[in-house]
Amino acid sequence: AQSVTQPDIHITVSEGASLELRCNYSYGATPYLFWYVQSPGQGLQLLLKYFSGDTLVQGIKGFEAEFKRSQSSFNLRKPSVHWSDAAEYFCAVGSAGVSGGGADGLTFGKGTHLIIQP
Amino acid sequence: DAGVTQSPTHLIKTRGQQVTLRCSPKSGHDTVSWYQQALGQGPQFIFQYYEEEERQRGNFPDRFSGHQFPNYSSELNVNALLLGDSALYLCASSLLGGPIGELFFGEGSRLTVL
């Protein structure tokens, strides 16, 4: 069965500092990996995704993530955080689906709560 | 362009009751997925609907059922509510055959079971 582990429940970072959020996955085949962000009162928003090709993927809002098959990891990074980045971040794993597209049921981690210090 | 809309935003029920939650997908999307997010947890996949049929299901009991209408909107029904069903219920829409993993989520319906 597929699973996602986000080891850090909370992370506090000073504004302007760099950020790395950890994600480890367990999946039998080649995984499709995602990072979503959930801000208070808002729905989850897709930051970036990986399913093939270059192991370093760029996303929205200045985020990037690196897929490391040997470590079963897909860590999210940002060089300089802004106060507006404070939110809950979820890593997720899934498959392409029977049709080869779309989005079958994703397995999410428990999330990392990011706190930004002024 | 309207995104995913869900109703109601909040509701309170008592144990044993039944609840219906509603979702309208993003314009142009044909697939609706439902997730349950308990407090402090990540979303858990309940099921997915496409062409008015349940296409995939997560590890949830039969008390959880759904429906998709010809206009692609969807309902989630939960019967015989338990205290443990208290959660934020998220609807996500996508396009079958579209960009992989591009789910668009609504803000959710927060259900409290007393």
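Residues numbered from 1 in each chain as written. Chains lettered and ligands numbered in written order. Predicted model: local features only at pLDDT ≥ 70, side-chain atom pairs only at ≥ 80, totals over all residues. Heavy atoms only, no water.

Take the overall build of chain B next. In terms of helices and strands, chain B carries 0 helices and 11 strands. Along chain B, helices (α) and strands (β) appear in the sequence β-β-β-β-β-β-β-β-β-β-β when read from the amino end. For chain B, the C-alpha radius of gyration of 13 Å lies close to 13 Å, the compact-globule estimate for 114 residues. Taking the principal axes of the C-alpha coordinates as reference, chain B spans close to 40 × 25 × 25 Å. Taking contacts inside chain B between residues at least 6 apart in sequence as the whole, the part at least 24 apart equals 53%. Surface accessibility of chain B: about 5,400 Å² in total, with carbon and sulfur atoms responsible for 49%. (Helix = DSSP H or I, 4+ residues; strand = E, 2+ residues; numbered from the N terminus. Rg over C-alpha atoms; globule rule 2.2 N^0.38 Å. Contact = heavy atoms within 4.5 Å. Areas by Shrake-Rupley, 256 points an atom, 1.4 Å probe, with all protein chains shown as cover.)

Here the focus is the sheet that holds strand β7 (residues 64–68) of chain B. Residue and element names in this part refer to chain B. Spatial ordering of the open sheet is given by β1-β3-β8-β7, a layout of 4 strands whose pairing is antiparallel. The strands lining the two open edges of the sheet, one partner per strand, are β1 (5–7) and β7. Neighbouring strand axes in the sheet, compared pairwise and without regard to direction, differ in orientation by 20° on average. Bridge analysis of β1 against strand β3 (residues 19–24) gives 3 bridges, and the strand direction is antiparallel. (Pairing = 2+ DSSP bridges. Axes fitted to C-alpha atoms, helices over the stretch in contact; angles between N-to-C directions.)

Each partner contributes to the interface: chain A provides 26 residues, whereas chain B provides 26 residues. Across the interface of chain A and chain B, roughly 1,900 Å² is buried in total on both sides, 53% from carbon and sulfur atoms. The interface formed by chain A and chain B holds 0 salt bridges in total. In this assembly, chain A and chain B are joined by 3 residue pairs in polar contact (both at pLDDT 80 or more). For the side of chain A that touches chain B, the secondary structure elements donating two or more residues are β5 (32–38) and β6 (45–50) of chain A. (Buried area = accessible area lost by both parts, 1.4 Å probe. Salt bridge = Lys/Arg side-chain N within 4 Å of Asp/Glu carboxyl O. Polar contact = N/O pair within 3.5 Å; in protein donor to acceptor, adjacent residues only side chain to side chain.)

Note that every value here comes from positions in space, so none of it alone points to a role or purpose.
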